[in-house]
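Architecture at a glance
These are the residues of each chain, in order.
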Amino acid sequence: MRNIGKSYKEVIALNDISFDVADGELFGLIGPDGAGKTTLFRILCTLIVPDQGEARVRGLDVVEDFRSIRKSIGYMPGRFSLYQDLTVQENLEFFATIFGTTIEQNYHLVRDIYTQLEPFKQRLAGDLSGGMKQKLALCCALIHKPEVLFLDEPTTGVDAVSRKEFWQMLKRLKKDGLAILVSTPYMDEAALCDRIALMQNGRILDINTPQKISEEFVGVLYAVKSSRVYDLLIALRAHPLVLSCYAFGEYLHVTLAKSEDSKELESHLQNQGFSDLKIHLVTPGIENVFMQLLQQTDEK
Amino acid sequence: MIPLLFFMPIVQLVVLSYAADFEVKNLNLAIVDYDQSESSRHLIQKFTASGYFTLVGSFRNVKDGTNVIEKEVADLVLICPQHMERNLENMRVAEVQLLFNAVNNQKAGVASSYCQQVISAFNNEHLRQLAMESTTSTPARLTVDVRESFWYNAQLDYKTFMVPGILAILVTMLTAFLSSINIIREKEMGTIEQLNVTPISKMEFILGKIIPFWIIGMVVMSFGLVIAWLMFGIGVTGNILTLFSFVAIYLIAILGIGILISTVTETQQQAMFVTWFFMVIFLLLSGLFTPVDSIPEWARALNLVNPIKYFVEVMRSIMLKGSSLSDLNSHFLVMTVFALGFNLMAMRSYRKTMG
């Protein structure tokens with residue numbers, strides 16, 4: 001897709017978005033709520049028309065060739081949108097029929113996932129647990145043998161175990177040559193993608209492999225801990241050597257320009273009366289890079 | 001849901017048919033008799049014997065009489081003035097006064113016509129008596145005896161008139177609401193988003209929405225006809241196939257309206273209100289309760305696009321009059337245009353692509 005733009009009245013939902021996804025690639029859109037991920041999905045799934053730019057799915061234009069695109073994509077909206085008053089099996093049959101196929105014909109595509117659902121196949125979709133619902137939705141999105149899969153926040157509101165299973169399924173699907181575009185607000189899931197795009201306020205901040213993105217971190221990162229967390233935060237933010245400091249779980253993540261500065265910082269804090277201080281070097285993750293990118297855009 | 005769909009219209013049909021009975025019975029009558037003569041007593045006796053009136057009291061003066069109207073004890077007061085008998089004997093003309101409580105003007109109108117019947121019966125009797133007494137001189141005036149005969153509804157039974165109309169309304173309401181709520185529900189549940197990315201065409205989608213409700217409408221219609229026949233003894237005088245072919249076209253038109261509403265609204269509340277808005281207007285103009293001819297010119301123009309009006313007319317003429325297809329050609333034509341028109345509009349306004 002090239003230079004995609006979409007705005008709603010005053011709000012610019014998407015601003016000049018461009019990227020490519022290859023066959024057999026698992027591409028992640030990472031960003032907080034309101035970053036424009038869902039809007040992007042809707043454009044690619046031919047549900048809304050972009051104001052600017054052009055997008056192609058398997059070489060087909062999303063505006064002109066929307067009919068052909070709809071045959072070859074599988075879309076799983078962020079909100080559970082199967083028929084809650086139909087059973088698991090009825091839902092699957094319904095979507096298979098709409099695409100002019102049968103469950104038997106494409107059973108091999110969904111077998112791994114559907115076997116987990118089989119014990120509940122007579123249960124109403126509305127009565128399934130969150131994880132099961134997402135698995136069913138994935139089955140329904142796969143049953144017509146799509147070439148591209150669009151998954152909008154498939155793991156939001158799903159328990160940790162089911163999330164893990166879900167990502168394993170995606171890995172398997174990818175091996176069959178499916179191009180998968182997935183969005184998530186969880187940074188830990190970003191590392192499981194082949195490439196990711198970090199999104200914020202309708203813009204892409206960065207696109208790269210998770211590995212490369214982690215390496216883009218500028219400076220050195222330390223985790224600091226003390227029982228007086230709030231005082232520590234204030235003290236660190238006031239220190240001239242500290243480039244940035246924010247809470248990260250039970251630690252405070254502190255960015256310094258170079259590692260030699262850490263000694264000086266440690267003695268400074270001890271002088272300030274932080275006796276139970278713990279400080280150690282950490283490898284920056286995607287989230288750290290994301291925070292740094294956000295800070296940079298804010299400063300601009 | 002399915003039992004509800006059948007149970008509700010049946011109950012409504014039965015209850016409404018009894019409730020929407022305009023027949024006025026048991027009118028409460030108060031008497032103020034200043035004359036206290038044989039003639040005045042005879043007139044009063046005629047009133048009470050007519051079966052329409054219940055005597056609730058006799059009073060000495062008009063003030064007391066009007067008082068009971070104010071207290072809603074009486075619906076009307078009959079006032080026989082002094083010298084009524086004398087005037088009747090001497091001048092052959094006597095006057096009585098009738099006061100009606102016209103808060104419910106329909107009831108007052110019916111009461112007034114009952115009174116006229118009673119008084120003219122009294123007159124006739126009086127004239128006949130005079131004629132017998134004076135066999136010699138002036139020959140008695142020729143009295144014209146008007147005998148009314150009501151066609152298609154011999155006993156002027158309101159139920160015969162109302163049941164076909166009410167059945168028409170019930171089938172309309174049911175299908176209009178079902179179809180207008182349906183697509184909205186898909187919007188609210190989010191299922192429409194999943195459906196929109198599939199290759200199904202607009203035509204298939206609309207047809208998929210129409211067919212089930214069309215079947216429900218036809219079944220409820222048949223059910224209603226059976227109830228009308230069993231409970232009220234109102235059968236279909238005309239050709240039942242003609243009736244059903246009209247219903248078939250009519251339901252497509254109504255479902256088209258419902259679906260059109262659901263494509264332009266966003267929530268179930270909006271759809272409900274919009275559907276109500278149109279249904280109430282269509283219903284009140286339909287001629288179910290009031291004759292279409294008595295509504296103002298502009299409203300009659302509005303009635304040209306009122307599908308319920310055509311349906312009520314067709315129901316009544318086929319069920320009661322036994323009209324045939326050739327009598328109702330124009331109705332069939334108009335309804336076919338509606339069915340095509342509303343559904344094409346619905347198809348146009350349904351967009352799989354948003355924003």
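1. Quick look at helix H5 (residues 130-142) of chain A
Residues and elements named next belong to chain A. Between its first and last C-alpha atoms H5 spans 19 Å; for 13 residues at 1.5 Å apiece the expected length is 18 Å, and the two agree. Most of H5 sits inside the fold, with 12 of its 13 residues counted as buried. Turning to H5, its buried residues number three or more, namely Gly131, Met132, Lys133, Gln134, Lys135, Leu136, Ala137, Leu138, Cys139, Cys140, Ala141 and Leu142. Summarising the contacts, the buried residues of H5 are in contact with strand S7 (73-76), helix H3 (88-98), helix H4 (107-117), strand S8 (148-151) and helix H6 (160-175).

2. Focus on the side chain of A:Lys174
With respect to the element layout, A:Lys174 can be found in helix H6. Given a relative accessible area of 17%, A:Lys174 falls into the buried group.

3. Some details on the interface of chain A and chain B
With 21 residues of chain A at the interface, the matching set in chain B holds 18 residues. Both sides of the chain A and chain B interface together cover about 1,900 Å² of buried area, and 59% of this is carbon and sulfur. At the boundary of chain A with chain B, the tally comes to 1 salt bridge. Residue assignment for the side of chain A that touches chain B shows that the elements contributing at least two residues are helix H2 (66-72) and H3 of chain A. Among the elements that take part in the side of chain A that touches chain B, H3(A) stands out by supplying 3 residues, more than any other. Its residues placed into classes, the side of chain A that touches chain B shows 13 nonpolar, 3 polar and 5 charged.

4. What about the domain arrangement of chain A?
As far as domains go, chain A holds domain 1 (2-209) and domain 2 (218-283). If you average the C-alpha positions of domain 1 of chain A and of domain 2 of chain A, the two centres end up 40 Å apart.

5. Some words on the sheet that holds strand S2 (residues 53-59) of chain B
Two pairing modes exist for strands in a sheet, parallel and antiparallel, and in both the strands are linked by backbone hydrogen bonds. Residues and elements named next belong to chain B. Here we have 4 strands laid out as an open sheet, ordered S2-S1-S3-S4, and mixed in their pairing. Of all the strands in the sheet, the pair left with one neighbour each is S2 and strand S4 (97-100). Taking each pair of neighbouring strands and ignoring which way they run, the sheet shows an average axis angle of 25°. Along the sheet, helix H3 (residues 62-70) makes contact with strand S1 (27-33), S2, strand S3 (76-80) and S4, crossing S3 at roughly 165°. Running at roughly 160° to S4, helix H5 (residues 105-133) makes contact with S1, S2, S3 and S4 of the sheet.

6. Observations concerning the side chain of A:Ser214
Residue and element names in this part refer to chain A. Mapped onto the fold, Ser214 is located in helix H8 (residues 210-215). A polar side-chain atom of Ser214 sits 2.9 Å from the main-chain carbonyl oxygen of Pro210. When near neighbours in sequence (up to four residues on either side) are disregarded, Ser214 contacts Pro284, Gly285, Ile286 and Val289.

7. Some points on the domain arrangement of chain B
Per the domain assignment, the segments making up chain B are domain 1 (23-133) and domain 2 (158-349). Inter-centroid distance (C-alpha atoms) of domain 1 of chain B to domain 2 of chain B is 48 Å.

8. Side note on the sheet that holds strand S15 (residues 278-282) of chain A
All names here are of chain A. Reading across from one edge, S13-S14-S12-S15 is the order of the 4 strands in this open sheet, with antiparallel pairing throughout. The open sheet has two free edges, formed respectively by strand S13 (242-248) and S15, since each of these has just one partner strand. Going across the sheet, the axis of each strand differs from the next one's by a mean of 25°, ignoring polarity. Both strand S12 (residues 220-225) and strand S14 (residues 251-256) contribute to a ladder of 5 bridges, which runs antiparallel. Pairing of Leu221 across the sheet is with Thr255, part of S14.

9. Comments concerning the packing of H5(A) against H6(A)
In helix packing, the relevant descriptors are the interaxial angle and the interaxial distance, both defined with respect to the helix axes. Residue and element names in this part refer to chain A. Interhelical geometry of H5 versus H6 gives an angle of 15° and a closest axis separation of 10 Å. Considering their axes alone, H5 and H6 lie roughly parallel with respect to each other. Here H5 and H6 pass one another in a crossing that is right-handed. Taking contact as the criterion, the partners of Gly131, Gln134, Lys135, Leu138 and Leu142 in H5 are, on H6, Ser162, Glu165, Phe166, Met169 and Leu173. Of the residues assigned to the contact of H5 with H6, the class counts are 5 nonpolar, 3 polar and 2 charged.

10. Here we look at the state of the cysteines
Residues and elements named next belong to chain A. According to the stated counting rule, one finds 0 disulfides over all chains in the structure shown. Cys45 forms no disulfide, and the closest cysteine sulfur to it belongs to Cys140, at a distance of 15 Å. Free of any disulfide, Cys193 has its nearest cysteine sulfur in Cys45, 17 Å distant. According to the relative accessible area criterion, Cys193 is buried, its value standing at 5%.

11. Examining the pattern of salt bridges
All names here are of chain A. Applying the stated criterion across every chain, the model contains 16 salt bridges over all chains. For Arg195, the salt bridge is made with Glu25, and the minimal N-O distance between the two is 2.6 Å. Residue Arg195 is found in strand S10 (residues 195-200), and its partner Glu25 is found in the loop between strand S2 (11-17) and strand S3 (26-30); the two are separated by 170 residues along the sequence. The class for Glu25 is buried, based on a relative accessible area of 10%.

12. Describing the environment of B:Asn182
All names here are of chain B. For Asn182, the location among the structural elements is in helix H6 (residues 158-189). According to the relative accessible area criterion, Asn182 is partly exposed, its value standing at 22%. With 81 residues separating them along the chain, Asn182 and Thr263 place their C-alpha atoms 10.0 Å apart. Leaving out residues up to four positions away in the same chain, Asn182 has contacts with Lys209 and Phe213.

13. Quick word on the packing of aromatic side chains
All names here are of chain B. Overall, the coordinates contain 19 aromatic pairs over all chains when judged by the stated rule. Look at Tyr52 and Tyr114: their rings are 3.7 Å apart centre to centre, the planes differ by 0°, and that puts the pair in the stacked class. Separated by 62 residues along the polypeptide, Tyr52 in the loop between helix H2 (38-49) and S2 and Tyr114 in helix H5 bring together distant segments of the chain. Since its relative accessible area comes to 26%, Tyr52 is described here as partly exposed.

14. A word on the nonpolar core
Core analysis: the biggest nonpolar cluster contains 127 residues, and A:Leu138, A:Leu149, A:Leu151 and B:Met221 have the highest contact counts within it. Those residues in contact with A:Leu149 that lie beyond four places of it in its chain are A:Gly74, A:Leu138, A:Ala141, A:Leu142, A:Leu173, A:Leu178, A:Ala179, A:Ile180 and A:Leu181. In terms of nonpolar packing, the next biggest core, distinct from the first, is built from 26 residues, A:Phe19, A:Phe27, A:Leu47 and A:Ile69 among them.

Rules used in this analysis
- Residues numbered from 1 in each chain as written.
- Chains lettered and ligands numbered in written order.
- Predicted model: local features only at pLDDT ≥ 70, side-chain atom pairs only at ≥ 80, totals over all residues.
- Heavy atoms only, no water.
- Helix = DSSP H or I, 4+ residues; strand = E, 2+ residues; numbered from the N terminus.
- Expected span 1.5 Å × (residues − 1).
- Buried < 20%, exposed > 50% of the residue type's maximum accessible area, 1.4 Å probe, protein only.
- Contact = heavy atoms within 4.5 Å.
- Buried area = accessible area lost by both parts, 1.4 Å probe.
- Salt bridge = Lys/Arg side-chain N within 4 Å of Asp/Glu carboxyl O.
- Nonpolar A, V, L, I, M, F, W, Y, C, P; charged D, E, K, R; others polar.
- Domains from an automatic or database assignment.
- Pairing = 2+ DSSP bridges.
- Axes fitted to C-alpha atoms, helices over the stretch in contact; angles between N-to-C directions.
- Polar contact = N/O pair within 3.5 Å; in protein donor to acceptor, adjacent residues only side chain to side chain.
- Parallel < 35°, antiparallel > 145°, perpendicular 65-115°, else oblique.
- Left-handed = near helix turned anticlockwise from the far one by under 90°.
- Disulfide = S-S within 2.5 Å.
- Phe/Tyr/Trp six-rings, centres within 6.5 Å; stacked < 30°, edge-to-face > 60°.
- Core = buried A, V, L, I, M, F, W, Y, C linked by side-chain atoms within 4.5 Å.

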